[in-house]
Amino acid sequence: MSKKHPIISVTGSSGAGTSTVKHTFDQIFRREGVKAVSIEGDAFHRFNRKDMKAELDRRYAEGDYTFSHFSYEANELAELENVFRQYGETGTGRTRTYVHDNDEAEKYGVPPGEFTEWAPFEDGSDILFYEGLHGAVVNDEVNLPKYADLKIGVVPVINLEWIQKIHRDRERRGYTTEAVTDTILRRMHAYVHCIIPQFTETDINFQRVPVVDTSNPLVARWIPTADESLVVIRFKNPRGIDFSYLVSMIQGSWMSRANSIVIPGGKLDLAMQLILTPMIERLVSESKRA
Ligand SMILES: Nc1ncnc2c1ncn2[C@@H]1O[C@H](COP(=O)(O)OP(=O)(O)OP(=O)(O)O)[C@@H](O)[C@H]1O
Ligand SMILES: O=C(CO)[C@H](O)[C@H](O)COP(=O)(O)O
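The structure displayed is predicted, hence computed values, not measured ones.

Analysis parameters
- Residues numbered from 1 in each chain as written.
- Chains lettered and ligands numbered in written order.
- Predicted model: local features only at pLDDT ≥ 70, side-chain atom pairs only at ≥ 80, totals over all residues.
- Heavy atoms only, no water.
- Helix = DSSP H or I, 4+ residues; strand = E, 2+ residues; numbered from the N terminus.
- Buried < 20%, exposed > 50% of the residue type's maximum accessible area, 1.4 Å probe, protein only.
- Contact = heavy atoms within 4.5 Å.
- Areas by Shrake-Rupley, 256 points an atom, 1.4 Å probe, with all protein chains shown as cover.
- Pairing = 2+ DSSP bridges.
- Axes fitted to C-alpha atoms, helices over the stretch in contact; angles between N-to-C directions.
- Near = heavy atom within 4 Å.
- Polar contact = N/O pair within 3.5 Å; in protein donor to acceptor, adjacent residues only side chain to side chain.
- Nonpolar A, V, L, I, M, F, W, Y, C, P; charged D, E, K, R; others polar.
- UniProt positions renumbered as here; feature names shortened; annotations may be inferred.

Here we come to the overall build of the protein. For the protein, the helix and strand inventory stands at 9 helices and 10 strands. Overall size of the protein, expressed as C-alpha extent along the three principal axes, is 55 × 50 × 40 Å. Relative to its full complement of 290 residues, the protein shows a buried share of 52%. Long-range pairs, those at least 24 residues apart, make up 75% of the contacts in the protein with a sequence separation of at least 6. Here the protein has roughly 13,900 Å² of accessible surface; of this, 52% comes from carbon and sulfur atoms.

Take a look at the structure:
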């Protein structure tokens, strides 16, 4: 953790909604005059698309069916930890972009499935914002929560997460439902061993829960809307959280546990603003005094 150069990490599985949550953070940063530099977690994939397929084929041939983009070994996590550590110490660092589709290819001038060159963060930032798969990994090699000052989990219930991923990958990345289903299945081992353990490290988890039937996520005609869902917001350390204020400000919310508040899905943006704005303000004001 760093008082001088704070880091916020937002972790979620593929399709969980971390990019969507980033929009809310960007609104808070803009309103609070916070200059944030950001990392899109796929930048730290170890392989480009072609090499990843070759690696998958190699491992399958050896009988290893557990490898995927979720796996630790498929990502440069030691490099990510170095970036976190360097940013915490100096406010500098670097990142790149993994290009997923033709729209991004046009934007970055790099073909889909390839990386842009590494580039330094802009100078003079107040915060480093990470969103991706591995923002709170603790394993034998790295301890990312040690460097992140605020750790957020975006963890929709799994049927909803699959619906979101299927719709997003179909509409924005050109994959078929069958291809996305195969990807979900292939990633299951690493999902259990590499992704979900992070959500006990995170300070706050936002878990969207549909209140409509999602029994067969493979045939859902649309992603359950905000009004078709609730959100469970769990705080790892509830001390200091003014729950009575939150319940009074968020119409239709209630406490489900001493560390968890449940809100209507349509109030997620408001809840994030109410909860995160003071936390971000405190990180930045403390960094200015450090
Ligand atoms: N709170 C929400 N309400 C409704 N739809 C949502 C919500 N969050 C995410 N989605 C939808 O789910 C899909 C996946 O969201 P998003 O792209 O943010 O996921 P992601 O975690 O960034 O995925 P990846 O890590 O693979 O890039 C998108 O179609 C998005 O519009
Ligand atoms: O979204 C991802 C993980 O969250 C991966 O970056 C993505 O699936 C890799 O893309 P592709 O296999 O299409 O090159």
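Sheet strands pair by backbone hydrogen bonding; their relative direction is either parallel or antiparallel. An order of S2-S5-S1-S6-S7-S8-S10-S9 is seen for the 8 strands of this open sheet, with the pairing classed as mixed. The two strands at the open ends of the sheet, each matched to only one other strand, are strand S2 (36–40) and strand S9 (254–257). In this sheet, neighbouring strand axes are inclined to one another by 20° on average, regardless of whether the strands run parallel or antiparallel.

By nearness alone, 14 residues border ligand 1, and Gly-17, Thr-18, Ser-19, Thr-20 and Arg-168 come closest of all. The contact in question runs from an oxygen atom of ligand 1 to an N or O atom on the side chain of Ser-14, over 3.0 Å. The separation between an oxygen atom of ligand 1 and a polar main-chain atom of Thr-18 is 2.9 Å. Protein chains bury 82% of the 630 Å² of accessible surface belonging to ligand 1 in isolation. Elements with a contribution of two residues or more to the shell around ligand 1: helix H1 (18–32) and helix H5 (158–173). Broken down by element, the shell around ligand 1 gets its largest block of residues, 4 residues, from H5. Residues that form the shell around ligand 1 fall into these classes: 2 nonpolar, 8 polar and 4 charged.

With respect to the secondary-structure elements, Thr-66 resides in the loop between helix H2 (49–61) and helix H3 (77–90). Placed 124 residues apart in sequence, Thr-66 and Ala-190 show a C-alpha to C-alpha distance of 6.5 Å. If we ignore the near neighbours within four places in the chain, the residues touching Thr-66 are Ser-71, His-189 and Ala-190. At a separation of 2.7 Å, a polar atom in the side chain of Thr-66 contacts the side chain of Asp-64.

Positionally, Thr-97 belongs in the loop between strand S3 (94–95) and helix H4 (102–108). With residues near it in sequence (within four places) discarded, Thr-97 still touches Ala-43, Tyr-108, Glu-114, Phe-115 and Thr-116.

This part is about the pairing of strand S1 (residues 7–12). Extensive coverage of S1 is indicated by the burial of 6 of its 6 residues. Of the two faces of S1, the one lined by Ile-7, Ser-9 and Thr-11 and the one lined by Ile-8, Val-10 and Gly-12 are each fully buried. Sheet topology places S1 next to strand S5 (residues 127–132); 5 bridges connect them, and they run parallel. Note on S5: the bridge partner recorded for Thr-11 is Gly-132. The sheet contact formed by S1 and strand S6 (residues 150–154) spans 5 bridges and is parallel. For Val-10, the partnering residue across the bridge sits in S6 and is Ile-152.

Attention now goes to the UniProt feature "domain: Phosphoribulokinase/uridine kinase" (unreviewed entry) in the protein. According to UniProt, the feature "domain: Phosphoribulokinase/uridine kinase" (unreviewed entry) maps to residues 7–215 in the numbering used here. Overall, residues 7–215 shows 40% helix and 16% strand. The separation of its end C-alpha atoms is 38 Å.

Attention now goes to the site of ligand 2. Inspection of the region around ligand 2 gives Ser-14, Asp-42, His-45, Arg-49, His-69, Tyr-98, His-100, Leu-133, Arg-173, Tyr-175 and Arg-187 as its neighbouring residues. The side chain of His-100 places a nitrogen or oxygen atom 3.0 Å from an oxygen atom of ligand 2. Arg-173 is positioned with one of its side-chain polar atoms (N or O) 2.9 Å from an oxygen atom of ligand 2.

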